[in-house]
Amino acid sequence: GRKSSEVEQAAEETPGQPEPKSDTDGTSAERSKSPEVERAVEVCRRLDEKYGPVECFLDHTNPFRLVISVLLSAQTTDAQVNRVTPELFRRFPTPEAMAAASPEEVAKIIRSLGFYKTKARHCVEAAQAIVADFGGEVPHTMAELTSLPGVGRKTANIVLNVSFGIVEGIAVDTHVNRIAHRLGLSPKTHEREPLKTEQDLLAILPRELWGPVNHQWIRHGRDTCTARAPKCDGCVLEDICPSAHRL
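All figures in this text were calculated on a predicted structure; none of them were measured in a lab.

Caption draft 1: How the structure looks around the packing of helix α11 (residues 174–182) against helix α13 (residues 210–223). Relative orientation of the contacting elements α11 and α13 amounts to 80 degrees, with a least axis distance of 8 Å. By the angle class used here, α11 and α13 are roughly perpendicular. Judged by residue contacts, His175, Val176, Arg178, Ile179 and Ala180 of α11 engage Val213, Asn214, Trp217, Ile218, His220, Gly221 and Arg222 from α13.

This is how it looks when you write it as structure tokens:
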């Protein structure tokens, strides 16, 4: 029915999103001088100075575990995911083992998570696709990763970045999305569309700054720029954030 399709939509990212546009028309030099770009670069510089390299919050022992962990994290906190993955990977440590599982077996282990039935099906189907289409190895291109059930650009960006050191874009989760909009780096009309917010960030930030954005901005969103009552006093971005003290 309609409700179940809405639940699936909420738990599943939309695959096959457009690749970031490359700047071949010579406008990058002009853009790099714009005050908006300078402010965005300064945001990245200050958060990098504050947090430095940030470890991935989910199990990233190997690419398969990370794919499954990020897939499970939709509409769910990382802490909740980290509570179920030890048992999940004890039972199904490899793509081959999970591909042979039933969605019901996986669902029992992850039932504390939101949309657990849909996610259990995606776990099994993604593992089956990794085995059948990629010889049991997690692929490392955006197109191949987003061909896996339940894997969209956000998941693929994190796996490429963390597991393979490949930066194709910026994973926009709830924290990155909130911060991008509070900083005015993406128009208000994109507030509920993280994939459009990603394209806005890719257009304004130089490519060499994309890599650390996800994990550093998540840290900032958790400890300072929280959803409710952000701690604007003393925030490292206080003087360059248009939303400071206005929320």
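Caption draft 2: Fine view of the environment of isoleucine 218. When you line up the elements, isoleucine 218 lands in helix α13. On the basis of relative accessible area, isoleucine 218 is assigned to the buried category, the value being 4%. It is 9.8 Å that separates the C-alpha atoms of isoleucine 218 and arginine 178, two residues lying 40 residues apart in sequence. If sequence neighbours within four positions are ignored, isoleucine 218 has contacts with Phe57, Asp173, His175, Val176 and Val213.

Caption draft 3: Highlighting the nonpolar core. In this structure, Leu72, Leu88, Met98, Val106, Ile110 and Leu145 are the most contacted members of the largest nonpolar core, which totals 40 residues. Listing elements by their share of this core, those giving two or more residues are α4 (63–72), α5 (78–91), α6 (95–99), α7 (103–110), α8 (116–134), α9 (142–145) and α10 (153–164). Residue contributions to this core peak at eight residues, all from α8. Here leucine 145 is in contact with Val67, Val138, Pro139, Val151, Ala156, Val159 and Leu160, once residues within four sequence places are set aside. Counting 28 residues, the second-largest nonpolar core is a separate cluster that includes Val37, Val176, Ala180 and Ile218.

Caption draft 4: Geometry of the packing of aromatic side chains. For the structure shown, the criterion picks out one aromatic pair. On the numbers, 6.4 Å between centres and 65 degrees between planes, the contact of phenylalanine 64 with phenylalanine 89 is edge-to-face. One end of the pair, phenylalanine 64, is in helix α4; the other, phenylalanine 89, is in helix α5, and 25 residues separate them in sequence. In this structure phenylalanine 64 comes out as buried when scored by relative accessible area, which is 4%. Assessed through its relative accessible area of 3%, phenylalanine 89 is described here as buried.

Caption draft 5: Fine view of empty space enclosed by the protein. Under the counting rule described, the total for this entry stands at two cavities of 30 Å³ or more. Here the largest cavity defines a volume of roughly 130 Å³. Classifying every residue of the lining of the largest cavity gives 10 nonpolar, three polar and three charged. Quantified by volume, the second largest cavity comes out at close to 50 Å³. In terms of lining residues, the second largest cavity is bounded by Asn157, Ile158, Asn161, Val162, Gly169, Ile170, Ala171, Trp210, Gly211, Asn214 and His215. Listing elements by their share of the lining of the second largest cavity, those giving two or more residues are α10 and α13. Looking at side-chain class alone, the lining of the second largest cavity contains five nonpolar, six polar and no charged residues.

Caption draft 6: Spatial organisation of helix α3 (residues 35–51). Here α3 spans 24 Å end to end across 17 residues, near enough to the 24 Å set by a 1.5 Å rise per residue. Looking at the residues trailing α3, positive phi occurs at glycine 52, about 60 degrees.

Caption draft 7: Structural context of α7. Listed as buried for α7 are Val106, Ala107, Ile109 and Ile110. Looking straight down α7, one finds its buried side chains confined to an arc of 160 degrees; they lie on one side. Pointing more than 90 degrees away from the buried face of α7 are the exposed residues Glu104 and Lys108.

Cut-offs and rules
- Residues numbered from 1 in each chain as written.
- Predicted model: local features only at pLDDT ≥ 70, side-chain atom pairs only at ≥ 80, totals over all residues.
- Heavy atoms only, no water.
- Axes fitted to C-alpha atoms, helices over the stretch in contact; angles between N-to-C directions.
- Helix = DSSP H or I, 4+ residues; strand = E, 2+ residues; numbered from the N terminus.
- Parallel < 35°, antiparallel > 145°, perpendicular 65-115°, else oblique.
- Contact = heavy atoms within 4.5 Å.
- Buried < 20%, exposed > 50% of the residue type's maximum accessible area, 1.4 Å probe, protein only.
- Core = buried A, V, L, I, M, F, W, Y, C linked by side-chain atoms within 4.5 Å.
- Phe/Tyr/Trp six-rings, centres within 6.5 Å; stacked < 30°, edge-to-face > 60°.
- 1 Å grid on protein atoms, 1.4 Å probe; cavity = no way out; pocket = protein on both sides within 12 Å on 5 of 7 lines; lining within 4 Å.
- Points joined across faces, edges and corners; volume = space filled by probe spheres on them.
- Nonpolar A, V, L, I, M, F, W, Y, C, P; charged D, E, K, R; others polar.
- Expected span 1.5 Å × (residues − 1).
- Arc of directions from axis to C-beta.

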